[in-house]
Amino acid sequence: MWPFDMETGRSVPVSRSKDPAAWFGYADADVPVVTQWDDGQHTGTEPGTVATSSASMPSVVFRMLRDLDVQPGNRTLEIGTGTGWNAALLAHRLGAENVVTVEVDEAVATRARTALRHFELPVRIIHGDGLKGYPEGGPYDRIIATCGVRSIPVAWIEQSRPGEAIVVPWGTHYSNDDAVARLVVSENGADATGAFTGPVAFMKARAQRLVPVTHSEYVTDSAADREKSSTPITETEFLGERFSAQRFALGLSLRHCVHVVAEKRDGARPVWFFGLGDRSWACVKFQDGQAHSQVWQSGPRRLWDEVTATLDWWREAGEPGHERFGLTLTPEGTHRAWLDDPTDSWAV
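A brief look at the structure comes next. (Residues numbered from 1 in each chain as written. Predicted model: local features only at pLDDT ≥ 70, side-chain atom pairs only at ≥ 80, totals over all residues. Heavy atoms only, no water.)

1. Describing the overall build of the protein chain
Inclusion rule: Starting at the N terminus, helices and strands are each numbered in turn, a helix being any DSSP run of H or I of at least four residues and a strand any DSSP run of E of at least two. Only protein chains enter the accessibility calculation, which uses a 1.4 Å probe; a residue whose area is less than 20% of its type maximum is buried, one above 50% is exposed, and one in between is partly exposed. Here, residues are in contact when the closest pair of their heavy atoms is within 4.5 Å. In short, Shrake-Rupley with a 1.4 Å probe defines the accessible areas, and a residue's cover is counted only from the protein chains shown. Note on charges: Lys and Arg go in the positive column, Asp and Glu in the negative column, and His and the chain ends are not counted at all. A single reference atom marks each charge: NZ on Lys, CZ on Arg, CG on Asp, CD on Glu.
Counting its secondary structure elements, the protein chain contains 9 helices and 19 strands. With the C-alpha coordinates aligned to their principal axes, the bounding extent of the protein chain is approximately 65 × 55 × 35 Å. Per-residue burial for the protein chain yields a buried fraction of 47% across its 348 residues. By sequence separation, contacts in the protein chain at least 24 residues apart represent 55% of the contacts at least 6 residues apart. Looking at the protein chain as shown, the accessible area adds up to about 16800 Å², and 51% of this sits on carbon and sulfur atoms. In the protein chain, 34 side chains carry a positive charge and 46 a negative one; their mean positions are 3 Å apart.

Structure below.
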């Protein structure tokens, strides 16, 4: 397995047979543990390219189960079985007969099924597309996803009982970060709405992964269409800390946009913004020791102008944290974000 080492900031290979003390130490630690790379195509002991299955950080698992708030007798659907540990916790509380879990990867599902049988927890594990839910096992009192999504399926609402909860890590393509949304299905079963409970980062549902943008398709050799300016915003002010509410607010406001933070070299760090609906792009180059940073923009959208306008809005709103934001999923599958008031929302 490949636990995330907090001191080095990277995943490290740990063999149970070669170093059992380290293996069990990491297994008991409050760290995420990767158990599969590259959709199972990875070989060797070093980390692969893309982590595609894991055991989530225990404190995050417990936080999401707190948000789920299962009660005795609740019929629960889990999306993303992984190792089976989260399903085991649910089964311990609710009974295995009340838990259904769906896993898109057949090999991962098989391993989880073996583990749960070993602990005499015969949870029903379905190999399939969790984005479709599992209507045969519903209706459900609770639905929880253990993968990050960019579009919450209407099928999950349709398979939920009115008034019940869906807990899901959700975010936009702006960044890899997610926030946990706790949505409550309306009494007529048509839509669902609720506030975010806090930031997280999850592996994305395989069907909703963002294909990396190709830089050369946006930025050409021609300089004629580039608008050049400068900004007093500093690198520290813009980037902030990981999982900052400011970054989340930018993602909610900048529709169809992804940003890429480049490595810092010789005191300079470029941050790129790419429009996903057209070929608009922007770049701000932060330079150590300079009061102003250079900005370039090109295309139908002025993405950096959108960034600064969102930052002004967020500050004027009192720099709200994740918990003041919420999400509504409409019957048509439209996602609408809101700040404090669900009736005052915008499409995301």
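2. Details of the pattern of salt bridges
When the charged atoms of two side chains lie near each other, side chains of opposite charge can form a pair. Heads up, the condition is: Any carboxyl oxygen of Asp or Glu within 4 Å of a side-chain nitrogen of Lys or Arg constitutes a salt bridge here.
Evaluation of the coordinates by the stated rule reveals 18 salt bridges. With a closest N to O distance of 2.7 Å, Asp 178 and Arg 150 form a salt bridge. Here Asp 178 is found in strand β10 (residues 178-185), whereas its partner Arg 150 is found in the loop between β8 (140-145) and α5 (154-158), with 28 residues between them in sequence. The exposure class of Asp 178 is buried, given its relative accessible area of 1%. Salt bridges linked by common partners bring Asp 39, Asp 105, Arg 206 and Arg 209 together as one network.

3. Quick word on the sheet that holds strand β2 (residues 10-11)
For clarity, the cut-off: Two strands qualify as a pair provided DSSP detects at least 2 bridges between them.
Here 4 strands make up an open sheet; going across it, the order is β2-β1-β3-β4 and the pairing antiparallel. The open sheet has two edge strands with one neighbour each: β2 and β4 (51-55). The sheet contact formed by strand β1 (residues 2-5) and β2 spans 2 bridges and is antiparallel. What sits directly across from Asp 5, in β2, is Arg 10.

4. Notes on the pairing of strand β17 (residues 325-329)
Within β17, 5 of the 5 residues are buried, which leaves the element mostly enclosed by the surrounding structure. Taking every second residue as pointing to the same face, both faces of β17 are buried, with Phe 325, Leu 327 and Leu 329 on one and Gly 326 and Thr 328 on the other. Bridging between strand β11 (residues 192-200) and β17 involves 4 bridges; their strand directions are antiparallel. If you follow Ala 192 over to β17, its bridge partner there is Leu 329. Judged from the 5 bridges that link them, β17 and strand β18 (residues 335-339) form a sheet pairing that is antiparallel. The partner of Leu 327 across the bridge, within β18, is Ala 337. If you look at the hairpin formed by β17 and β18, you'll find 5 residues sitting between the two strands, and Gly 333 has a positive phi there, around 90°.

5. As for the sheet that holds strand β12 (residues 227-231)
Worth spelling out the cut-off: Axis lines are fitted to C-alpha atoms, over the contacting stretch for helices. Their N-to-C directions set the angle, which ranges from 0 to 180 degrees.
Strand order in the open sheet made by the 5 strands is β12-β16-β15-β14-β13, with antiparallel pairing throughout. Looking at which strands have only one partner, the edges of the open sheet turn out to be β12 and β13 (257-261). Put simply, the sheet's adjacent strands are angled 20° from each other on average, direction ignored. Inspection of the sheet shows strand β14 (residues 268-275) paired to strand β15 (residues 281-287) by 7 bridges, in the antiparallel sense.

6. Brief notes about helix α2 (residues 58-68)
An α-helical turn contains 3.6 residues, so a residue and the one three or four places further along point in the same direction. Inspection of α2 places Pro 58, Val 60, Val 61, Met 64, Leu 65, Asp 67 and Leu 68 among the buried residues, and these make up the whole buried set. Residues of α2 that are buried make contact with β5 (76-79), α3 (85-94), β8, β9 (160-170), β10 and β11. Phi for Asp 69, located one or two positions after α2, is positive at around 55°.

7. Side note on the packing of aromatic side chains
Basically, it comes down to this: Between the rings of Phe, Tyr and Trp (Trp by its six-membered ring), a pair exists once the centres lie within 6.5 Å; its type follows the angle of the planes, with under 30 degrees stacked, over 60 edge-to-face, and the other angles tilted. In this scheme, Lys NZ or Arg CZ marks a charge over a ring once it lies within 6 Å of the ring centre and within 35 degrees of the ring normal.
Under the criterion given, the structure shown has 15 aromatic pairs. Considering the side-chain rings of Trp 272 and Phe 274, the 6.0 Å spacing of their centres and the 10° angle between planes classify their relative orientation as stacked. Like Trp 272, the residue Phe 274 is buried in the burial classification. These aromatic residues form a ring-pair network of at least three members: Trp 170, Phe 196, Phe 248, Trp 313, Phe 325 and Trp 346. Residue placement shows Arg 242 over the ring face of Phe 243; its charged tip is 4.2 Å from the ring centre. The ring of Tyr 218 carries the charged tip of Arg 279 above its face, separated from the ring centre by 4.7 Å.

8. Some remarks on the state of the cysteines
Here is the rule: Criterion for a disulfide: a pair of cysteine sulfur atoms at a distance within 2.5 Å.
On inspection of all chains with the given rule, the structure shows 0 disulfides. Cys 257 carries a free sulfur, and the closest cysteine sulfur to it, the one in Cys 283, is 13 Å from it.

9. Brief notes about the nonpolar core
Selection criterion: As used here, the term nonpolar core means buried Ala, Val, Leu, Ile, Met, Phe, Trp, Tyr and Cys residues forming a set that is joined through side-chain atoms within 4.5 Å.
Val 149, Ile 152 and Trp 156 are the most contacted members of the largest nonpolar core, which has 35 residues in total. When near neighbours in sequence (up to four residues on either side) are disregarded, Ile 152 contacts Val 168, Trp 170, Leu 183, Leu 327, Leu 329 and His 335. In terms of nonpolar packing, the next biggest core, distinct from the first, is built from 24 residues, Val 60, Val 61, Met 64 and Leu 65 among them.

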